[in-house]
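Observations on the model geometry
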Amino acid sequence: MIISVAIPTYNREQSLRETLADLMGQDYHSFEVLVVDQTPIHESETQVYLEQLANAGRIRWFRVNWANLPGARNYAVRRAVGDIILFIDDDVQLPKGFLAAHASNYLAQPDIGCVAGRVFDRMKLGDSGGDLAIEYLPPEAMDAAIGWYFIDLVHTIQPQQVLSARGCNMSFRRGVFAECGLSFDERFAGSAVREESDFCLRLRSTGFKIWYDPNACLVHLGEESGGCHDISTRSLEYQVTFYHNHFLMGLKNLTVFQCLRFFAKLFDCHVFGNPPCYKSRSPLKILSRFAFYILGFLSAINTLIQSIARDGQIYTHQDNINAK
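As the structure is a computational prediction, the values presented were derived from the model and not from experiment.

Another aspect to go through is the overall build of the chain. What the chain contains, in helices and strands, is 11 helices and 9 strands. Computed over its C-alpha atoms, the radius of gyration of the chain comes to 19 Å, within 12% of the 20 Å expected for a compact globule of 324 residues. With respect to the principal axes defined by its C-alpha atoms, the chain has extents near 55 × 45 × 40 Å. Within the chain, the fraction of its 324 residues that count as buried is 55%. Considering only contacts within the chain whose residues lie at least 6 apart along the sequence, 76% involve residues at least 24 apart. Side-chain charges in the chain split into 30 positive and 35 negative, and the spacing between the mean points of these groups amounts to 5 Å.

Here's what the structure looks like:
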């Protein structure tokens, strides 16, 4: 079983080199690495390292002149040859058996369409003190309306079916793309938050299940700069697209009743700042977040209206044109 490891990257240097070095040290017998590189100009050390790996046939290095995370994922899918397509970020650390852990799940269970790996997220582990261990997620974690506030792929220690994967550590059967016709929605803007959640909801509608395996684990460094969505979390653009992406996911995939519950929870957590968000409760902060909430909703509605004439898969269409 061949694994295609796809790494979208943008403005990352040392962390990208270290991620690739961990991949080169994997003990799995059959895999390829696709680097979808959106960095205009690399540091010389990174440039030389990537050239050496590419010339030696260790990686397939694709350079593009745009930056969009779901677009980069789709770009890799169209070029991957593996039976499994595995997505990781460009700032992760991988243990030796990482690839083998992902592959073993597909061999054991034919109804698995996606493996969600465990993510040792430094920030979330720091918030919890590192001692929290969850055996099984609560039933609410499988509720498509509110599950996003109960699913925890950082502290959970038992294998189980889950609602969604985390984009920095998720793999899929090739058939999910080739036979089910799924692709990542390139309309998820800015940080692209919820683009993997949107994809996983559509995947579940095909009958495939999403399986969480804590043994398929990695460490997510969470670098403060770079990444395919290099955008300041304090910027106005980030705030609007954050809510835009949540509303877009809900309006695309949920029933009216589910949307109402989802949007209410989004408001309670991210606008009012109630747990598990724990945001500032100052009136000024709440008012500003409410403004972004409304702007995000209107932006999502605008995106859907525009999609009547065009589907928003800008980078996929560009790639198809260039391939002709």
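Here Gln38 is to be found in the loop between strand E2 (31–37) and helix H2 (44–55). Gln38 gets classed as buried once you look at its relative accessible area, which sits at 3%. At 2.8 Å, the side chain of Gln38 forms a polar contact with the backbone nitrogen of Asn68.

Note that Ala80 resides in the loop between helix H3 (69–79) and strand E4 (84–88). Residues Ala80 and Arg174, 94 residues apart in the sequence, show an inter-C-alpha distance of 8.9 Å.

The final tally for this structure, using the stated rule, is 1 disulfide. Cys168 supplies the cysteine sulfur nearest to Cys217, a cysteine that is in no disulfide, at a spacing of 12 Å. Judged by relative accessible area, Cys217 falls into the buried class, the value being 16%.

What follows deals with the pairing of strand E1 (residues 3–9). For E1, a buried count of 7 out of 7 residues is recorded, marking the element as mostly surrounded by other parts of the structure. Taking every second residue as pointing to the same face, both faces of E1 are buried, with Ile3, Val5, Ile7 and Thr9 on one and Ser4, Ala6 and Pro8 on the other. Relative to E2, E1 runs parallel, the two sharing 7 bridges. Pairing of Pro8 across the sheet is with Val36, part of E2. Sheet topology places E1 next to E4; 4 bridges connect them, and they run parallel. Directly across from Ile3, in E4, lies its bridge partner Ile84.

Attention now goes to the environment of Leu163. Along the chain, Leu163 turns up in the loop between strand E7 (160–161) and strand E8 (169–173). Overall, the relative accessible area of 0% leaves Leu163 in the buried class. For the pair formed by Leu163 and Ala141, sequence separation is 22 residues and the distance between their alpha carbons is 6.9 Å. Discounting chain neighbours no more than four positions away, the residues touching Leu163 are Ala141, Met142, Asp143, Ala144, Gly147, Trp148, Ile151, Cys200, Leu201, Arg204 and Ile210.

What follows is about helix H7 (residues 195–204). Along H7, 9 of the 10 residues are buried, which leaves the element largely enclosed by surrounding structure. Residues Glu195, Glu196, Ser197, Asp198, Phe199, Cys200, Leu201, Arg202 and Leu203 constitute the buried set of H7. As for H7, its buried residues are in contact with H3, strand E6 (112–121), E8, helix H6 (174–178), strand E9 (209–220) and helix H8 (236–253).

Thresholds, definitions, all that
Residues numbered from 1 in each chain as written. Predicted model: local features only at pLDDT ≥ 70, side-chain atom pairs only at ≥ 80, totals over all residues. Heavy atoms only, no water. Helix = DSSP H or I, 4+ residues; strand = E, 2+ residues; numbered from the N terminus. Rg over C-alpha atoms; globule rule 2.2 N^0.38 Å. Buried < 20%, exposed > 50% of the residue type's maximum accessible area, 1.4 Å probe, protein only. Contact = heavy atoms within 4.5 Å. Lys, Arg positive; Asp, Glu negative; His and termini not counted. Charge placed at Lys NZ, Arg CZ, Asp CG, Glu CD. Polar contact = N/O pair within 3.5 Å; in protein donor to acceptor, adjacent residues only side chain to side chain. Disulfide = S-S within 2.5 Å. Pairing = 2+ DSSP bridges.

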